[in-house]
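# Survey of secondary and tertiary structure
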Amino acid sequence: MEIKKYDVTIIGAGIAGMVAAYECLNKGLKVLLIDRNTKEHFGGLAKLSFGGMALVNTPLQRRLGIKDSPSIALKDWHSFANFKKEDRFPKLWAEMYVNESLGQVYHWLYGFGLKFFPAVNWVERGMYQSGNSVPRYHVLWGTGHRLVERFQELLLQHQNVRKLEIIFECKVTDLIKENEKIIGCTADKEGIKNQKFRFHSDFTIVATGGITGNLEAVRNNWYKPWGKAPNEMLNGSHPFADGLLHTAVSRLGGNVTHLDHMWNYAAGIPHPKPEFDHHGLSLIPCKSALWLDHTGNRIGPEPLVTGYDTNELCRRISSLEKPYTWQVLNWKIASKELAVSGSEHNPMIRDRKLFSFLKEILFGNHRLIHQLKKESDHFIVADDLQTLVKEMNHLNQDSSIDYDVIHDVIRSYDEMIKRGKSFWNDEQIRKIQQARAWRSEKFRTCSPKPILNANSGPLIAIKLRLITRKSLGGIQTDLESRVLDPLGNPIPGLYAIGEAAGFGGGGASGFKSLEGTFLSGCILTARSAAKSICSLK
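Since the model is a prediction, treat every value here as computed from it, not as a measurement. (Residues numbered from 1 in each chain as written. Predicted model: local features only at pLDDT ≥ 70, side-chain atom pairs only at ≥ 80, totals over all residues. Heavy atoms only, no water.)

### Overview of the sheet that holds strand S5 (residues 137-140)
Reading across from one edge, S3-S5-S4 is the order of the three strands in this open sheet, with antiparallel pairing throughout. Of all strands in the sheet, those with a lone pairing partner are strand S3 (52-54) and strand S4 (116-121), marking the two edges. Sheet twist, expressed as the mean angle between neighbouring strand axes with direction ignored, is 30 degrees. Where S3 meets S5, three bridges bridge the pair, whose relative direction is antiparallel. The partner of Met53 across the bridge, within S5, is His138. (Pairing = 2+ DSSP bridges. Helix = DSSP H or I, 4+ residues; strand = E, 2+ residues; numbered from the N terminus. Axes fitted to C-alpha atoms, helices over the stretch in contact; angles between N-to-C directions.)

What follows is the structure, given as structure tokens:
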């Protein structure tokens with residue numbers, strides 16, 4: 001078996017691995033970057049992401065009159081994290097994130113010509129005085145696609161590119177330990193038996209993502225107080241995010257924590273062009289839609305509304321009798337509010353077409369609605385409610401939705417709206433009004449109007465399932481991204497970054513994320529690892 005020697009081996013060529021490779025090349029280190037996927041997927045899930053980042057006290061926030069600070073952000077972070085006393089390293093990473101995201105992420109990316117759209121969105125506002133108390137969600141102009149594209153340029157055009165080797169379609173199966181130090185890894189050629197590799201390096205970085213691409217692992221690690229995991233879920237990650245290296249790290253003494261903490265979404269539909277089993281699309285659901293259970297009844301007593309507490313939406317939906325829900329709305333609502341998370345379905349932002357993007361914001365994203373209508377059988381459009389119900393039951397191949405039930409639900413909601421603002425006593429309406437009070441959200445949230453409104457276009461029903469996304473737990477690390485054993489001691493030669501490290505410390509977000517902490521968490525943990533390694537060379 002051929003053995004190759006490097007200064008640094010980075011397992012995983014997502015954005016965390018790319019950033020770490022770039023920083024190590026800057027110091028003239030010989031770097032190996034290994035990835036299981038093909039060259040076309042260089043950059044991993046970051047390339048498909050929307051590009052949102054939670055950043056603290058940025059010039060953009062200040063320009064918009066948002067008063068933020070690391071101390072405010074840390075308080076908000078802890079209100080969602082529900083940290084335990086023993087969560088020492090997650091707490092340290094949370095504190096580092098709120099203090100360093102401005103310089104190490106915002107300004108650093110700006111120095112590479114990467115810019116953020118000049119609006120800051122207010123997501124994960126929380127319930128009952130928790131969550132983001134101010135808007136922090138910054139969107140990269142060009143989405144995650146441009147982020148990955150830029151770092152591809154930085155790597156492949158680097159002055160030290162001759163010291164970089166990138167190997168695709170290579171599955172790392174184990175780490176090599178010798179004299180209590182990790183000295184490299186073993187790997188197989190993906191899909192080819194008996195073609196094995198052995199890579200030696202002074203330092204090895206695990207950047208392989210989380211476990212949420214493995215639905216069996218998701219179910220096995222499901223948060224126990226929520227009961228049994230839904231028997232139907234969609235995969236919003238990738239099958240290669242399977243936890244294989246988590247197991248290898250644990251076997252060699254590394255501490256893996258909080259795998260039952262996950263960041264999943266409540267509004268997934270099957271991907272119209274699936275690349276793997278259970279491949280899903282994560283919708284950004286509409287605040288103004290009615291969210292119904294499998295019978296057509298409104299989920300309550302407190303209605304489900306997106307943008308406040310994603311984790312709570314998942315908890316409530318996972319406890320329902322059936323593993324799916326419905327959103328019912330009309331064309332006008334959908335064209336203004338509906339979106340799909342990621343770069344694939346946001347071409348105007350991804351391709352930086354400002355005029356076309358503003359046109360969609362002002363006049364409605366009818367392009368997306370027509371696309372979903374054409375491509376997805378879970379996106380049903382009908383001219384009247386009776387036809388809509390018929391098509392919903394046809395998709396289910398049953399008669400679980402009774403026309404009279406769903407008609408009464410929608411009529412009751414519509415009549416309440418028609419009575420006027422003085423009589424709006426519905427929690428969903430209150431949250432809609434609260435969202436519209438922030439300028440960025442006002443353009444994306446409809447003023448309350450009846451669902452059954454002839455002037456608002458056809459009716460729409462969307463069948464939704466829970467969809468996996470990110471692991472909030474992972475391999476425990478210190479602030480240098482060194483992998484720790486259960487006693488908190490670093491394992492020589494071994495680092496973990498990005499989602500593999502639970503975005504730092506084995507669970508920096510705690511139980512819930514403030515959203516947008518993932519891409520930026522990849523950057524922070526990767527730069528930390530590279531800094532530590534370079535200081536030792």
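This is not the end of the story, as more comes after the structure.
### Some details on the packing of helix H1 (residues 15-26) against helix H17 (residues 518-536)
Closest axis-to-axis distance for the H1/H17 pair is 8 Å, and the angle between their directions is 30 degrees. For the element pair H1 and H17, the recorded crossing hand is right-handed. Contact residues: Ile15, Ala16, Val19, Ala20, Glu23 and Cys24 in H1; Leu519, Cys522, Ile523, Ala526, Arg527, Ala530 and Cys534 in H17. Classifying every residue of the contact of H1 with H17 gives 11 nonpolar, no polar and two charged. (Left-handed = near helix turned anticlockwise from the far one by under 90°. Contact = heavy atoms within 4.5 Å. Nonpolar A, V, L, I, M, F, W, Y, C, P; charged D, E, K, R; others polar.)

### Points about the packing of aromatic side chains
Aromatic ring pairs are reported here in terms of the distance separating the ring centres and the angle at which the planes meet. The full count for this structure, using the stated rule, is 22 aromatic pairs. Centroid distance Trp108 to Phe151: 5.6 Å. Interplanar angle 35 degrees. Geometry classified as tilted. Separated by 43 residues along the polypeptide, Trp108 in helix H4 (residues 88-110) and Phe151 in helix H5 (residues 143-156) bring together distant segments of the chain. Each of the two residues, Trp108 as well as Phe151, counts as buried. Measuring from centroid to centroid gives 5.1 Å for Phe503 and Phe518, while their planes differ by 40 degrees, and the two rings are tilted. In this pair, Phe503 is assigned in the loop between strand S21 (490-496) and H17 and Phe518 in helix H17, connecting sequence segments 15 residues apart. Taken individually, Phe503 and Phe518 each receive the classification buried, so the pair is uniform in this respect. For the cation-ring pair, Arg125 lies above Trp122, with the distance from its terminal atom to the ring centre recorded as 4.1 Å. A cation sits over an aromatic face here: Lys512 above Phe80, 5.1 Å from the ring centre. (Phe/Tyr/Trp six-rings, centres within 6.5 Å; stacked < 30°, edge-to-face > 60°. Buried < 20%, exposed > 50% of the residue type's maximum accessible area, 1.4 Å probe, protein only. Lys NZ or Arg CZ within 6 Å of the ring centre and 35° of its normal.)

### A closer look at the nonpolar core
Membership of the largest hydrophobic core comes to 76 residues, with the highest contact counts inside it found for Met53, Leu109 and Phe151. With 10 residues, H17 is the largest single contributor of residues to this core. What Leu109 contacts, discounting residues up to four positions off in sequence, is Met53, Leu114, Phe116, Leu147, Phe151 and Ile523. (Core = buried A, V, L, I, M, F, W, Y, C linked by side-chain atoms within 4.5 Å.)

### Overview of empty space enclosed by the protein
Taken as a whole and assessed by the stated rule, the structure comprises four cavities of 30 Å³ or more. Space inside the largest cavity adds up to approximately 120 Å³. When the residues that make up the lining of the largest cavity are grouped by side-chain class, the tally is seven nonpolar, four polar and one charged. (1 Å grid on protein atoms, 1.4 Å probe; cavity = no way out; pocket = protein on both sides within 12 Å on 5 of 7 lines; lining within 4 Å. Points joined across faces, edges and corners; volume = space filled by probe spheres on them.)

### So, the pattern of salt bridges
Tallied over the full model, the rule gives 28 salt bridges. Between Glu360 and Arg367 there is a salt bridge, with its nearest N and O atoms 2.8 Å apart. Its relative accessible area of 15% is what places Glu360 among the buried residues. For Arg367, a relative accessible area of 28% puts it in the partly exposed group. Bridged by salt links that share partners, the residues Arg146, Glu149, Arg150 and Glu153 form one connected network. (Salt bridge = Lys/Arg side-chain N within 4 Å of Asp/Glu carboxyl O.)

### A few points about the pairing of strand S2 (residues 31-34)
Burial along S2 is two-sided: Val31 and Leu33 and Leu32 and Ile34, pointing in opposite directions, are all buried. Pairing between strand S1 (residues 3-11) and S2: four bridges, direction parallel. In the sheet register, Val8 faces S2, and the bridge partner there is Val31. Following the chain from S1 across H1 to the adjacent parallel S2, one finds a crossover that is right-handed. (Right-handed = clockwise from strand over helix to strand, strands pointing away.)

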